[in-house]
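Structural overview
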Amino acid sequence: MDLEKWLADWTACVDGIFGERIRFLGIQGSYGRGEATAESDIDVVLLLDELKLEDLQTYDEAVSALPFREKLCGFVGGWEEIVHWDKADLFQFIQDTRTLRGSLDALWHEITKEDIQRAVHKGACDLYHGCVHNFLHEKDGEMLKAFYKSAVFVVQAVVYLEKGVYGKKRTDLERMAEGMEKEILQGYKELKGQVVVSSEDFGHYSALLLQWTSEKIQNI
């Protein structure tokens, strides 16, 4: 897929229906990082002056004619909601977004070290709970893979706190990560490459995730 051509078509589409109401356009995820595969979704960001249900209906109808509609994903919302969004979530949202139009700089300047620490703590708490539940009840390798995918975002926040640099690309993040953060990233890669997670790996990587999240919960 020619991403830049697709983005130009998408931009023209949303311009045609929302025009001057558009406050920000961007792209996130693997396409935003330049790491997309054939299975990747196209995670776009569309922020309007305000968002109503009829706007979603209009948007859904308009983008139905775009190629690769089945891959279209991402965030559509109102500007004021983003301005007042939980800043622990905004840290990741802003850092993972490549701007196409507009700016999120004013929002970034309001994010503090404490917000980023809370992003790590909240992420670790959610993963800890999910890991325990999965090990006891679901015993699902695909769910464990999803936890490790989410753990990558927590690692990004940890590395940012330690080094002041956001590892947007996975290769950069792997280079900067140390200790258990590096182990978590390696676990993500190894699990991602498995069609079926073996019982041995399920136990090993559940234990690693539990140990890592426990440490973050207690020390961040």
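Preceding block: the structure.
Reference entry: report on the structure contained in this document.

Buried residues of helix α3 (residues 53-63): Asp55, Tyr59 and Val63, and no others. Around the axis of α3, the buried residues are gathered within 50 degrees of arc, so they sit on the same side. With respect to the buried face of α3, the exposed residues turned more than 90 degrees away are Leu53 and Glu61. Where α3 is buried, its residues contact α1 (3-18), β2 (42-48) and β3 (72-78).

A complete count under the given rule lists 17 salt bridges for this structure. Aspartate 126 serves as the salt-bridge partner of lysine 122, at 3.4 Å between the closest nitrogen and oxygen. Taken as a pair, lysine 122 and aspartate 126 lie in helix α7 (residues 113-138) at a separation of four residues, close to a single helical turn. In this structure, glutamate 174 and lysine 189 form a salt bridge, with 3.8 Å as the shortest nitrogen-oxygen distance.

One open sheet accounts for four strands, arranged β3-β2-β1-β4; its pairing is mixed. Taken across any chain shown, the strands that pair with only one partner, and hence form the sheet edges, are β3 and β4 (98-101). When the angles between neighbouring strand axes are averaged without regard to direction, this sheet yields 20 degrees. Pairing between β2 and β3: seven bridges, direction parallel. Looking at β3, one finds that isoleucine 42 is bridged to leucine 72. Sitting on the sheet, α3 is in contact with β2 and β3, with an inclination near 150 degrees to β3.

Vacant regions in the atomic arrangement are exposed by a probe of water-molecule size rolled over the atoms. Within this model, the largest pocket holds a volume of roughly 960 Å³. Lining the largest pocket are 29 residues; nearest its centre among them are Ser30, Arg33, Lys149, Arg170 and Tyr188. Those elements that provide at least two residues to the lining of the largest pocket are α2 (29-33), β3, α5 (87-95), α8 (141-163), α9 (170-176) and α10 (179-192). A class-by-class count of the residues in the lining of the largest pocket yields eight nonpolar, seven polar and 14 charged. Empty space within the second largest pocket amounts to approximately 310 Å³. As for the second largest pocket, its lining consists of 13 residues, and the residues nearest its centre are Asp89, Gln92, Ala119, Gly123 and Phe153. Where the lining of the second largest pocket is concerned, the elements lending two or more residues are α5, α7 and α8. Across the lining of the second largest pocket, the residue classes tally to seven nonpolar, three polar and three charged.

Let us look at the environment of cysteine 125. Of note, cysteine 125 is situated in helix α7. Exposure remark for cysteine 125: the relative accessible area of 28% places this residue in the partly exposed category. A sequence separation of 91 residues divides cysteine 125 from lysine 216, and the C-alpha atoms of the two residues are 8.5 Å apart.

Conventions and cut-offs
Note that residues are indexed from 1 along each chain, following the sequence as it is written. Only residues with pLDDT of 70 or above have their local features reported here, since the model is predicted, and side-chain atom pairs are shown and tallied only from 80 upward, although totals for entire chains, interfaces and linings are computed over all residues. Calculated side-chain values reflect all of the structure's heavy atoms, with hydrogen atoms and water omitted. To sort residues, take the accessible area from a 1.4 Å probe on protein chains only and compare it with the maximum for the residue type: under 20% means buried, over 50% means exposed, and anything in between is partly exposed. Where helices and strands are cited, they refer to DSSP runs of H or I of at least four residues and of E of at least two residues respectively, numbered from the N terminus. To be clear, the arc concerns the directions from the helix axis to the C-beta atoms. What makes two residues a contact is simply this: any of their non-hydrogen atoms within 4.5 Å. What makes a salt bridge here is a side-chain nitrogen of Lys or Arg within 4 Å of a carboxyl oxygen of Asp or Glu, nothing more. Between any two strands, pairing holds if DSSP finds at least two bridges. Here the axes come from fitting lines to C-alpha atoms, over the contacting stretch only for helices, and the angles between their N-to-C directions go from 0 to 180 degrees. In this analysis the probe radius is 1.4 Å and the grid spacing 1 Å, with only protein atoms considered; a cavity is a set of points the probe fits into but cannot get out of, a pocket is an open set with protein on both sides within 12 Å along at least five of seven lines, and lining residues have an atom within 4 Å of a point. Grid points are joined across faces, edges and corners, and a volume is the space filled by probe spheres set on the points. Residues are sorted three ways: Asp, Glu, Lys and Arg are charged, Ala, Val, Leu, Ile, Met, Phe, Trp, Tyr, Cys and Pro are nonpolar, and all the rest, Gly among them, are polar.

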